Number of protein chains: 2
Amino acid sequence: MTEEEKLEIMRHSAAHVMAEAVQSIFPDTKFGIGPSIENGFYYDFDLPRSLTPDDLSLIGSKMNEIIAADMPFVRQEVTKEEARRLFAAQPYKLELLDEIPDEKVGVYRQGSFIDLCRGPHVDSTGEIKAFKLVSIAGAYWRGDEHQPMLQRIYGVAFVAKKALDEHLKKLEEAAKRDHRKLGAELDLYSIHEEAGPGLVHWHPKGAVIRRVIEDFWKDEHIKRGYDIIYTPHIAKLDLWKTSGHWEFYRDNMYSPMEIEGQEYVLKPMNCLGHILIYKTRLRSYRELPLRYAELGTVYRYERSGVLLGLSRVRGFTQDDAHIFCRFDQLEDEVVGVLDLARFMIDTFGFTTYRVLLSTRPEKYAGALKVWEEATDTLRRALEKLDVAYEIDPGEGVFYGPKIDIKFEDALGRGWQGPTIQIDFNLPQRFDVTYIGEDGREHSVAMVHRTVLGSMERFLASLIEHYGGAFPVWLAPLQVMIIPIADRHLDYAHQLEDELRNEGMRAKVDTRSERVNLKIRQAQLDKVPYMLIVGDKEVADSTISVRLRSGEQAASQSLDSFKRSVRAAIASRAKDLEL
Amino acid sequence: MTEEEKLEIMRHSAAHVMAEAVQSIFPDTKFGIGPSIENGFYYDFDLPRSLTPDDLSLIGSKMNEIIAADMPFVRQEVTKEEARRLFAAQPYKLELLDEIPDEKVGVYRQGSFIDLCRGPHVDSTGEIKAFKLVSIAGAYWRGDEHQPMLQRIYGVAFVAKKALDEHLKKLEEAAKRDHRKLGAELDLYSIHEEAGPGLVHWHPKGAVIRRVIEDFWKDEHIKRGYDIIYTPHIAKLDLWKTSGHWEFYRDNMYSPMEIEGQEYVLKPMNCLGHILIYKTRLRSYRELPLRYAELGTVYRYERSGVLLGLSRVRGFTQDDAHIFCRFDQLEDEVVGVLDLARFMIDTFGFTTYRVLLSTRPEKYAGALKVWEEATDTLRRALEKLDVAYEIDPGEGVFYGPKIDIKFEDALGRGWQGPTIQIDFNLPQRFDVTYIGEDGREHSVAMVHRTVLGSMERFLASLIEHYGGAFPVWLAPLQVMIIPIADRHLDYAHQLEDELRNEGMRAKVDTRSERVNLKIRQAQLDKVPYMLIVGDKEVADSTISVRLRSGEQAASQSLDSFKRSVRAAIASRAKDLEL
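Note that this is a predicted model, so its numbers are computed, not measured. Here, residues in each chain are numbered from 1, in the same order as that chain's written sequence. Written order decides the labels, with chains lettered from A and ligands numbered from 1. Whole-chain, interface and lining totals are the exception, using all residues; otherwise, since this is a predicted model, local features are given only for residues with pLDDT of at least 70 and side-chain atom pairs are given and counted only at 80 or more. Hydrogens and water molecules were not included; the side-chain quantities draw on all heavy atoms of the structure.

1. With respect to the overall build of chain A
Put simply, the test is: Strands are runs of DSSP state E lasting at least two residues, helices are runs of H or I lasting at least four, and both sets are numbered from the N terminus onward. Only protein chains enter the accessibility calculation, which uses a 1.4 Å probe; a residue whose area is less than 20% of its type maximum is buried, one above 50% is exposed, and one in between is partly exposed. Accessible surface is estimated by sampling points in the Shrake-Rupley manner with a 1.4 Å probe; for residues, cover comes only from the protein chains shown. Positive charge is attributed to Lys and Arg, negative charge to Asp and Glu, and no charge count is given to His or to the chain ends. Taken as the charge location is NZ of Lys, CZ of Arg, CG of Asp or CD of Glu.
Of the regular secondary structure elements, chain A holds 18 helices and 27 strands. Each principal axis of the C-alpha distribution contributes one length, and for chain A these read about 80 × 80 × 55 Å. For chain A, with 578 residues in total, the buried portion stands at 55%. Of the roughly 25500 Å² of accessible surface on chain A, 48% is carried by carbon and sulfur atoms. Seen as two clouds, the 77 positive and the 92 negative side-chain charges of chain A have centres 2 Å apart.

Next comes the structure, spelled out in structure tokens:
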């Protein structure tokens, strides 16, 4: 058994111990399930009242008692009938029991607690080492919003206290960087129950970041030979039937609207509009590749239970593009996208990423030979750029193989990033062709790709990566000018004008508050630069610069400051320097 | 009677004469209605077959015969019963007859034709002067798509041949500039029956123009103290019930979609998302005015019969903004919007515009006093800027008075442009307030405004205004580089690189075609500058510049060319110069 497997067993056993502790406090608890998960475990409970943080301490203490008592875990095999008696007061367990086809089932006991469980477990409760209960959350039974809402307690568990402490510190750091928390504190976005869950409203400051990213994205795409286009958010349902989306993707699509007897749906993807534009005229091989890029907002149904801030939403803007090319151009095109994806990841300050090449799944469209060639093309492109990659066998989309890139943020957490998908399906269904050098019609090779993913999820990753302290080029406000007294206001506004004329985002804090309070506020708002101006600065026509880190520079001229800010913006510098 | 009234009577009489001519060719014609319209007249016919352009000539000749015969128009008053006998074979006339409450009705005869008509008419057909039949179009009876489709013939008519000829020339010019024709020829956009009528797909070249306008628009708004935001395209129906849109605007909204038992609709306006963002926290009087701007794509139902290219569509992107301010700031805010609107109109090269101040309609929300004050505020703002305006009495929206600006294009045709609307309704319904200096809650003043209207309609006006020959800063392709022979290709690409590095939109025409053909194509594509490069240019490292007008400049250095193009772009010059 590997260390990782041993750890999983220990975590699973900790879940049972937690259940025993809960039972000792709430004897009528109905138990859901309690598996091990990454770094720890959880258990779902149906309880007479909502749990409080105080309950967590109490449950934790009880667990420590049970662990200290070192009670053995005892496995027993019983008939289903016996099991039904054992769990007569446990409706969720009975439901699970009904679904087990075997005649005999396993149960595990430790102390006064018995659970329907395959195991395995540790030998006795004393083997459970460093653990901590970390949070409470609501969770529908079986993840289904039509079922009762249970209370889930999450715990983390490790062999050594040191590993636990390190993990808790990471959790604490992650909580501080949670984009939902920072999104509210920094006034970046909001989601409104009245408008609908999963629908993001970008506030002025969040919108600045999005706009800067979009402008950068567009410029970079134009440089690399893409054409920007715009397509509508709705289309006739029939189009999505032709494409196969209504058959294969319907669960993620919204219900149709009726207009003059025709059904229309919100687009869940941008591809069809791009195909319609491609097909407005006959295309020659000379025109290819055509690269159509769109910041296209799509709407996909996600269960309200799984929605999460900006990272799991119902409407999002994909940084989408579709490449139409000849098959002999495919490798170069994939190399181009990979290069662009790496450039983007690097520009935004992520340093580590994992590349997965997903191959043919069991159910697939298109000929076997074409699949093999396309998968080889992806492989060759990866190798050409010396990109290390793993194979994700059978995880391609039904319409073609793909490359996914997951980048890691400052805390080492993975984020779904760029994707490059070859599509054999749509060109066939929509008869997307070009006239070859031979004067005959040929099917195009089509690539779907994003290099950021979506603006929403990407912003979530950026917020958490930087803990809200964005690089200057992305910061909503770049320079906060803080006059020491009202008599310095004129000079402050003069500085503001000069910086704004340079296209910099600068503002004067005009409030009648103490300077220290203003500095503290600008630091909380994570404004990269503060210019503090008082008598000396007005007299000498200089400025005092302070960074959000607290670092302070000597007096300097506005020109010298502008030069260094300009340079930081132009180079998209990740770190602030003085 | 004014000259204009006399002209209208003559045009209406021409419609009757046309009906007589049609009857003489198709004796079984069923007649719809035939009014005078701006510049002419039309008549709707139910005919046994579709009309051809040849039919128009024939009908025109018949009309000339009737006019030459100088037959008198005779009015007669008959009972409804008599009228029913007279129009026994005319189902549409019988339908109209049924709706007339009076016991007696008027009929007019000239020659063999009799019509149910109030008149008045000219004394005899000889008084009809210069006319021409110009087009045939389908038109539903009573404009209702559930009724039969009739054939409508349009004619124009004037007192003098000169006025007719001038008008026909203008029509010809308008047809050449028709944005639907140029949109296809210049490859700017398309609309697809498969995706749905009225849904615009912006092609690469059209999207360049849109993007350049949007970037300019955003920069200008940021300069003027607006915040750019983004809001979703759907929201819960309940929100639109609270706002009153579902009650007052439902006919223009799409049918709801259902998500997890909740109804959602596509937004027909951007205001509610902006209000939700405003309301995410308490606002102090110190923060106001807040100016939220969004290039917000909205969807509104329009009957398919009225859709027209880019100018009447079902989905469009408004250059929208909502200003939340104190009532004492309202005048300055309106002045600011007016100034911005004039700046925009002027920048895009329109020279004439009409301003309408629309006052309180019969049905209105809010107190009379508030209406008067707000209308005065609009008036004062107009006068402060010395803007000439007309009053459009009773044409305000139910929620407040407004200013509309209609600008004229190169052919003197009016386009709906900026609108500034004060809203008393939404702040009440959503309780949109701020905390005043007195520490108490006050209702905000809210302004809805666009300064272009929508990207779609504005592009239609631009295409027609410039006949597709856009100013350099807007041109999709700014410089076409035309090598005389293949040996000049390297130099051509070198020029292309240098221009692109400057951010200019340049391309080499690499086709193996004759130079004259390439020049002709670039002229048809209305590319502002052509650089023709041959042996001499390669040898001297110079370029020969040709304008799309055919004008040609002496050889010059690339640097000098770049300088003048850069200046033309920076100043958003309307005309090309060498």
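2. A few points about the relation of the copies chain B and chain A
Spelled out, the test is: A least-squares fit on C-alpha atoms brings the copies together, and the residues used are those whose pLDDT is at least 70 in both copies. Contact definition: two residues touch when any of their heavy atoms are within 4.5 Å.
When chain B is fitted onto chain A, the two copies agree to an RMSD of 0.2 Å after a turn of 179° and an axial shift of 0.1 Å. What the rotation and shift describe, once combined, is the action of a two-fold rotation axis. Of every C-alpha in chain B, the one belonging to B:Met257 sits nearest the axis of rotation, 3.1 Å from it. Residue by residue, 100% of the interface of chain B is reproduced at the interface of chain A, so both copies engage with the same surface.

3. Observations regarding the domain arrangement of chain A
Operational definition: Domain limits in this description derive from either an automatic procedure or a database domain assignment.
One can read the domain layout of chain A as domain 1 (3-177), domain 2 (194-466) and domain 3 (479-571). Placing the centre of domain 1 of chain A and that of domain 3 of chain A at their C-alpha centroids yields a distance of 54 Å.

4. Section: the pattern of salt bridges
Residues and elements named next belong to chain A. Condition: By definition, a salt bridge exists where a carboxyl oxygen of Asp or Glu is found within 4 Å of a side-chain nitrogen of Lys or Arg.
One pass over the full model with this rule turns up 92 salt bridges over all chains. Among the salt bridges present, the one from Asp178 reaches Arg180, with a minimum N-O distance of 2.8 Å. Three or more residues are tied together by salt bridges with common partners; here these are Glu498, Glu502, Asp559, Lys562 and Arg566.

5. Digging into the sheet that holds strand β11 (residues 227-228) of chain B
All names here are of chain B. Put simply, the rule reads: Pairs of strands are assigned from DSSP output, requiring at least two bridges between the strands. Axis angles are defined between N-to-C directions and span 0 to 180 degrees, where every axis is a line fitted to C-alpha atoms and, for a helix, only to the segment in contact.
The strand order across the open sheet formed by eight strands is β11-β15-β16-β23-β20-β19-β17-β18, and the pairing between neighbours is mixed. Strands at the two margins of the open sheet, each flanked by one partner only, are β11 and β18 (390-392). In this sheet, strand β23 (residues 445-454) lies alongside strand β16 (residues 315-325) in antiparallel orientation, the contact comprising seven bridges. For Cys325, the partnering residue across the bridge sits in β23 and is Ala445. Sitting on the sheet, helix α10 (residues 271-278) touches β15 (290-299), β16 and β23, and the angle it makes with β15 is about 145°. Its contacts with the sheet place helix α11 (residues 330-347) against β15, β16, β17 (352-358), β19 (402-408), β20 (414-423) and β23, and it is angled at close to 5° to β23.

6. As for the interface of chain B and chain A
Selection criterion: Buried area adds together the accessible area that both of two parts lose upon being put together, with accessible area traced by a 1.4 Å probe. Think of a polar contact as two N or O atoms within 3.5 Å of one another; within protein, one of them needs to be a possible hydrogen donor and the other a possible acceptor, and neighboring residues in sequence only count if both atoms come from side chains.
Chain B puts 55 residues into the contact, and the matching count from chain A is 55 residues. Both faces combined, the contact of chain B with chain A buries some 4600 Å², and carbon together with sulfur accounts for 61% of it. With a shortest N-O distance of 3.2 Å, A:Glu193 and B:Lys236 are connected by a salt bridge. Applying the counting rule to chain B against chain A returns 21 residue pairs in polar contact (both at pLDDT 80 or more). When contributions to the side of chain B that touches chain A are tallied by element, the ones reaching two or more residues are β10 (200-202), α7 (204-223), β11, β12 (234-236), β13 (257-259), β14 (262-266), α10 and β15 of chain B. For the side of chain B that touches chain A, the leading source of residues is α7(B), giving eight residues.

7. Observations regarding the side chain of A:His121
Residues and elements named next belong to chain A. Mapped onto the fold, His121 is located in the loop between β6 (113-116) and β7 (130-140). Engagement of the side chain of His121 in a polar contact is seen with the side chain of Ser13, the distance being 2.8 Å. A distance of 3.2 Å separates polar atoms of two side chains, one belonging to His121 and the other to His16. Apart from the residues within four sequence positions on either side, His121 is in contact with Ile9, His12, Ser13, His16, Phe73 and Tyr108.

8. Digging into helix α14 (residues 455-466) of chain A
Residues and elements named next belong to chain A. Inclusion rule: Every helix has an expected span of 1.5 Å times one less than the residues it contains.
The end-to-end C-alpha distance of α14 is 16 Å, a good match for the 16 Å that twelve residues give at a rise of 1.5 Å each. Burial analysis of α14 places eleven of its twelve residues in the buried class, which makes it a mostly covered element. Buried within α14 are the following residues: Met455, Glu456, Phe458, Leu459, Ala460, Ser461, Leu462, Ile463, Glu464, His465 and Tyr466.

9. Concerning the packing of α11(B) against helix α12 (residues 368-384) of chain B
Residues and elements named next belong to chain B. Put simply, the test is: Note on angle classes: values under 35 degrees are labelled roughly parallel, values over 145 roughly antiparallel, values of 65 to 115 roughly perpendicular, and the remainder oblique. For a crossing to be left-handed, the near helix must be turned anticlockwise from the far one by less than a right angle; the clockwise case is right-handed. Residues are grouped as follows: Ala, Val, Leu, Ile, Met, Phe, Trp, Tyr, Cys and Pro are nonpolar; Asp, Glu, Lys and Arg are charged; every other residue, Gly included, is polar.
The contact between α11 and α12 brings their axes to 9 Å, and the two run at 50°. Regarding the angle of α11 to α12, the classification is oblique. Judged by the twist between their axes, the crossing of α11 over α12 is right-handed. Seen from α11, the contacting residues are Leu330, Glu331, Asp332, Val334, Val335 and Leu338; seen from α12, they are Thr377, Leu378, Arg380, Ala381, Leu382 and Lys384. Partitioned by chemical class, the residues of the contact of α11 with α12 number seven nonpolar, one polar and four charged.

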